[in-house]
Amino acid sequence: MKIVEYSDTFKIAVPKAEGTDYRFSKQNPPFGPRINGAAIMQTNGPGFEIDGHTIRWVNWVFHLAFDVRVGPIISLASIYDPEKHTYRSVLYRGHISELFVPYMDPTEEYYYKTFFDCGEFGFGQNAASLVPLADCPNNAVFMDGYYAAHDGSAVKVANAFCIFERHAGDIMWRHTELGIPNRVINEARPEVSLVVRMVATIGNYDHIIDWEFKPSGSIKAQVGLSGILEVKSTTFTNVDQINEEVYGTLLGDNTIGLNHDHFLTYRLDLDIDGAANSFVKQNLVTKHVNDNVSPRKSYWTVVSETAKTESEAKIRLGTTPSELVIVNPNKKTKPGNHHGYRLIPGAATHPLLLEDDYPQIRGAFSKYNVWVTPYNKSEIWAGGKYVDQSQGQDTLAVWTLRDRKIENEDIVLWHVLGYHHSPCQEDFPVMPTLSAGFELRPANFFESNPVLKVLPPKPVRWPNCTAKP
Ligand SMILES: [Cu+2]
């Protein structure tokens with residue numbers, strides 16, 4: 001019970017509090033513009049059913065679980081195929097596996113700030129209770145979450161999830177046919193999707209985690225970043241004074257917003273029409289035309305390559321143009337294409353830390369944007385099962401060194417996306433939401449457009465709608 005050592009390296013100006021309170025009640029004029037409110041009218045009620053944790057909507061059925069470590073887990077997601085008169089499996093289990101946030105300040109007080117938000121803190125454990133009409137629209141249905149505390153007692157997070165149909169005013173598909181003399185065909189279908197949302201507030205940052213299902217068979221996953229920047233004090237009050245490395249951006253008097261990254265890692269155990277799947281890189285290759293017949297000199301074509309082992313499926317996005325598809329090599333469409341789902345990737349971000357830097361060894365799963373592994377029940381957490389003070393022996397990067405077989409196996413797709421975040425003044429004192437995400441989209445999974453025969457919603461008349469019928 002003695003103080004055995006302390007360090008006091010310097011005295012420094014404290015950032016001013018003025019202007020940093022983000023509560024509406026603390027704002028003073030002049031105010032910004034007022035935004036008109038809106039209500040979603042669903043005259044026939046919500047279009048989805050919740051049975052326990054199973055959610056059925058339009059042509060989808062899936063299970064939604066609340067996990068203390070990663071928040072929402074989507075499992076057994078299947079889509080109804082009206083031609084085959086059956087539900088077909090797409091996503092056996094999908095969730096965020098880890099979020100790696102290394103800060104770029106190597107000084108004594110800050111070097112250790114290289115956070116693993118799932119493994120060290122827990123998205124579920126830090127789930128915020130969603131606020132109706134603010135976090136979720138007026139047609140949302142809420143669901144509580146539960147987790148076991150350190151002493152084993154049950155902790156309830158009220159309104160941990162909201163589930164709602166999104167009528168964003170987008171177009172599902174359309175066509176105007178002008179090619180027929182004296183006739184115009186106009187066909188359009190409004191887009192409607194189902195969103196599952198949770199918010200995890202890990203210390204300063206808020207993460208808005210969305211899973212979105214579309215009738216076309218697409219699944220979109222997105223994380224919106226908001227909240228408060230990690231800031232540090234400084235003696236400087238103007239960039240002209242800065243004469244040393246400050247590791248970030250001067251946001252105001254004596255306030256530096258530190259540079260950092262966000263590497264989100266999703267674990268996607270896809271089961272496209274069954275467990276045995278393969279990962280195909282459809283590389284787009286430039287071909288030269290030398291036949292002296294065509295006036296063209298070049299075109300591109302698709303050269304498909306099935307990854308046989310883990311090393312062939314490690315991909316840094318942005319290096320070569322490629323369509324990335326998980327296929328079922330045992331199931332074909334009538335014309336003979338393998339049933340598949342394509343990954344439409346998110347922001348391709350690559351680590352800039354040196355590979356032998358301690359945080360990068362622990363966060364080595366961020367080295368590639370795409371990895372594929374054979375299913376292994378102990379390989380769930382990209383940064384390892386026990387992340388606190390980990391040394392990087394149990395990461396996705398280490399597991400894949402075994403270079404296991406992944407062709408026609410029960411495989412897991414890992415997708416890493418994110419941002420390098422060099423803060424700017426608009427991010428302060430609270431940051432407008434910045435989103436990153438990806439889409440899983442059917443690729444020769446259906447025989448043709450699965451939403452051709454979707455019955456459009458019945459028109460809901462609204463007195464102030466000015467559009468002419
Ligand atoms: Cu950031």
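Residues numbered from 1 in each chain as written. Predicted model: local features only at pLDDT ≥ 70, side-chain atom pairs only at ≥ 80, totals over all residues. Heavy atoms only, no water.

Peer 1: Looking at this structure, I do not really get unusual backbone geometry. What am I missing?
Peer 2: For the peptide bond that leads from Pro 29 to Pro 30, omega is 5°, which places it in the cis range. Relative to the helices and strands, Pro 30 resides in the segment before β1 (48-51). Between Phe 428 and the following residue, Pro 429, the backbone shows a cis peptide bond with an omega angle of 5°. Locating Pro 429 in the fold gives a position in the loop between β23 (409-421) and β24 (431-443). Of note in the backbone geometry, Asn 182 takes a positive phi value of approximately 60° without being a glycine. Considering the arrangement of structural elements, one finds Asn 182 in the loop between β9 (171-177) and β10 (185-190). With a relative accessible area of 84%, Asn 182 lands in the exposed category. A positive phi angle, near 50°, is found at Asp 403, a position not held by glycine. Mapped onto the elements, Asp 403 comes out in the loop between α3 (396-399) and β23. (Helix = DSSP H or I, 4+ residues; strand = E, 2+ residues; numbered from the N terminus. Buried < 20%, exposed > 50% of the residue type's maximum accessible area, 1.4 Å probe, protein only.)

Peer 1: What's the story with the coordination of the copper ion in this structure? I'm lost.
Peer 2: Four donors placed tetrahedrally around a metal ideally meet at 109.5 degrees, and six donors placed octahedrally ideally meet at 90 or 180 degrees. The protein atoms donating to the copper ion are Tyr 205 (OH), His 260 (NE2), His 262 (NE2) and His 421 (ND1), with metal-donor distances spanning 1.9 to 2.2 Å. Here the copper ion is ringed by 4 donor atoms whose angles at the metal span 95 to 138°, and the overall shape comes out irregular. Considered as a linear motif, the donors of the copper ion on their single chain read Y-x54-H-x1-H-x158-H. One end of the pair, Tyr 205, is in strand β12 (residues 205-213); the other, His 421, is in strand β23, and 216 residues separate them in sequence. Exposure remark for Tyr 205: the relative accessible area of 3% places this residue in the buried category. His 421 gets classed as buried once you look at its relative accessible area, which sits at 7%. (Donors = N, O, S within 2.8 Å, 3.2 Å for Na, K, Ca; no water. Tetrahedral: all angles 85-135°; square planar, octahedral: opposite > 155°, others 65-115°.)

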